[in-house]
Amino acid sequence: MRRWLCALAVALSAGCAAVDSAPLARLGVSVTFAPKNKCQGVSPRIRLTNVPAHVAIYEVEMRDLDAPGYQHWSETLPANGAVIPEGAGSGYRGPCPPFGQHRYEVDVTAKGAEGQPLAHGETIVPVAR
């Protein structure tokens, strides 16, 4: 029994290693916050580079690195080329630091039709009040 459990553990870990070892392609992510994208609900235009073929959806996350725990945006959007258009986000809360300058991280994961991750990228954008 012990030998069987050890063999099962080795087989499972090998299978996990094979799945986890494939690195994702690296997306280039470019975001600029226009005045209507700050302190308002109009999501910014996001330009992507190195987008792999067969992308069906983008998962977008935006958080304030200087106010941990405050989620500005977390949404899955249909992919239609290498641009996420301005205003595409419905759950977007624009950067509006209460004082000084804050850093906003925007993460984008490109996924295929089956929901499998194909590429990932992020950028950090400083925004002053």
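Because the structure is a prediction, the values reported are computed rather than measured.

Caption draft 1: Up close: the overall build of the protein. The helix and strand inventory of the protein stands at one helix and eight strands. Along the protein, helices and strands appear, N-terminal first, in the series α-β-β-β-β-β-β-β-β. In the protein, which comprises 129 residues, the proportion classed as buried is 30%. A sequence separation of at least 24 residues applies to 58% of the contacts in the protein between residues at least 6 apart.

Caption draft 2: Quick peek at the side chain of Lys111. Within the secondary structure, Lys111 is located in strand β7 (residues 101–111). Overall, Lys111 belongs to the buried group, its relative accessible area being 15%. In this structure Lys111 touches His54, Val55, Ala56, Ile57, Glu59, Gln116, Pro117 and Leu118, once residues within four positions along its chain are discounted.

Caption draft 3: Local environment of the nonpolar core. In terms of nonpolar packing, the biggest core is built from 21 residues, with Ile46, Val60, Val106 and Val108 touching the most fellow members. Within the residue set of this core, elements represented by two or more residues are β2 (28–31), β3 (46–49), β4 (57–64), β5 (71–78), β7 and β8 (117–128). Of all the elements, β7 adds the most residues to this core, at four residues.

Caption draft 4: Up close: the pairing of β2. On β2, burial follows the alternation: Val29 and Val31 on one face are buried, whereas Gly28 and Ser30 on the facing-out side are not. Where β2 and β3 come together, four bridges link them in antiparallel fashion. Each residue of the ladder has a partner; that of Val31, found in β3, is Ile46.

Caption draft 5: Looking closely at unusual backbone geometry. Positive phi outside glycine occurs at Cys39, with the angle close to 55°. Counting through the fold element by element, Cys39 comes out in the loop between β2 and β3. Non-glycine residue His54 carries a positive phi angle of around 70°. Within the element layout of this structure, His54 appears in the loop between β3 and β4. Residue classification places His54 among the exposed positions, given a relative accessible area of 72%.

Caption draft 6: A look at the sheet that holds strand β1 (residues 25–26). Spatially, β1-β8-β7-β4-β5 is the arrangement adopted by the five strands of the open sheet, whose pairing is mixed. Strand pairing shows two members of the sheet lacking a second neighbour, β1 and β5, which therefore form its edges. As paired strands, β1 and β8 are joined by two bridges and run parallel to one another. Each residue of the ladder has a partner; that of Ala25, found in β8, is Ala119.

Caption draft 7: Structural detail: the state of the cysteines. Counted under the stated rule, the structure contains one disulfide. Paired through a disulfide, Cys39 and Cys96 show a sulfur-sulfur distance of 2.0 Å. In this structure the cystine formed by Cys39 and Cys96 twists about its S-S bond by roughly 95°; its chirality is therefore right-handed. Here Cys39, found in the loop between β2 and β3, pairs with Cys96, found in the loop between β6 (83–84) and β7; they are 57 residues apart in sequence, far enough to count as distant. Using a relative accessible area of 43% as the deciding quantity, one classes Cys39 as partly exposed. Among the residues examined, Cys96 registers a relative accessible area of 29% and is labelled partly exposed.

Thresholds, definitions, all that
Residues numbered from 1 in each chain as written. Predicted model: local features only at pLDDT ≥ 70, side-chain atom pairs only at ≥ 80, totals over all residues. Heavy atoms only, no water. Helix = DSSP H or I, 4+ residues; strand = E, 2+ residues; numbered from the N terminus. Buried < 20%, exposed > 50% of the residue type's maximum accessible area, 1.4 Å probe, protein only. Contact = heavy atoms within 4.5 Å. Core = buried A, V, L, I, M, F, W, Y, C linked by side-chain atoms within 4.5 Å. Pairing = 2+ DSSP bridges. Disulfide = S-S within 2.5 Å.

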